[in-house]
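Structure assessment
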Amino acid sequence: MKTEVFRCSLFIFILLGTFLLNSCYSVRLRSVEGTPEPAFPMVRDDYYRTMQVIELDTVITIGALDKDFTYLIKRSDLCPSGKLHTVEYRNTFGAVLLSGITFGRKRKVKIKYVCMKSN
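All figures in this text were calculated on a predicted structure; none of them were measured in a lab.

To continue, consider the layout of surface pockets. Of the pockets and cavities examined, the largest pocket occupies roughly 480 Å³. Lining the largest pocket are 26 residues, and of these Ile60, Phe69, Tyr89, Val109 and Ile111 lie nearest its centre. At the level of secondary structure, the elements contributing two or more residues to the lining of the largest pocket comprise β1 (25-30), β2 (53-61), β3 (84-91), α2 (93-101) and β4 (106-115). When its residues are assigned to classes, the lining of the largest pocket shows 17 nonpolar, 4 polar and 5 charged.

This part takes up the packing of aromatic side chains. In total, this model carries 1 aromatic pair according to the counting rule given. Relative to Tyr48, the ring of Tyr47 has its centre 5.1 Å away and its plane inclined at 90°; by these criteria the two rings are edge-to-face. With relative accessibility at 34%, the residue Tyr47 sits in the partly exposed group. Between Arg28 and the ring centre of Tyr47, over which it is positioned, the NZ or CZ distance is 3.8 Å.

What counts and what doesn't
Residues numbered from 1 in each chain as written. Predicted model: local features only at pLDDT ≥ 70, side-chain atom pairs only at ≥ 80, totals over all residues. Heavy atoms only, no water. 1 Å grid on protein atoms, 1.4 Å probe; cavity = no way out; pocket = protein on both sides within 12 Å on 5 of 7 lines; lining within 4 Å. Points joined across faces, edges and corners; volume = space filled by probe spheres on them. Helix = DSSP H or I, 4+ residues; strand = E, 2+ residues; numbered from the N terminus. Nonpolar A, V, L, I, M, F, W, Y, C, P; charged D, E, K, R; others polar. Phe/Tyr/Trp six-rings, centres within 6.5 Å; stacked < 30°, edge-to-face > 60°. Buried < 20%, exposed > 50% of the residue type's maximum accessible area, 1.4 Å probe, protein only. Lys NZ or Arg CZ within 6 Å of the ring centre and 35° of its normal.

So, in structure tokens, the structure goes:
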């Protein structure tokens, strides 16, 4: 009896662990043209250490019949050129849970992007 409970608990633990590991991932898109906006001063120790990174961490609301969402990048003090060099989208377990609980209406978005250097 104890071995059956142990096996069942172990199976559930492995299944849950696999689900948690598969729900966290990053996708990075980078242009081979142009140069990224440099970071002054360099304060990061990750992939973006030489680049000026803009981070977007928000929750978006999508209608039940909508299939996509557009976030517009405009010329601003944060992105003087208005052109993108690198974009990273990160999905986490919390984002998957929020989307599942709200039936896809609310989605947590974590995006990092780097603008191209102005000419």
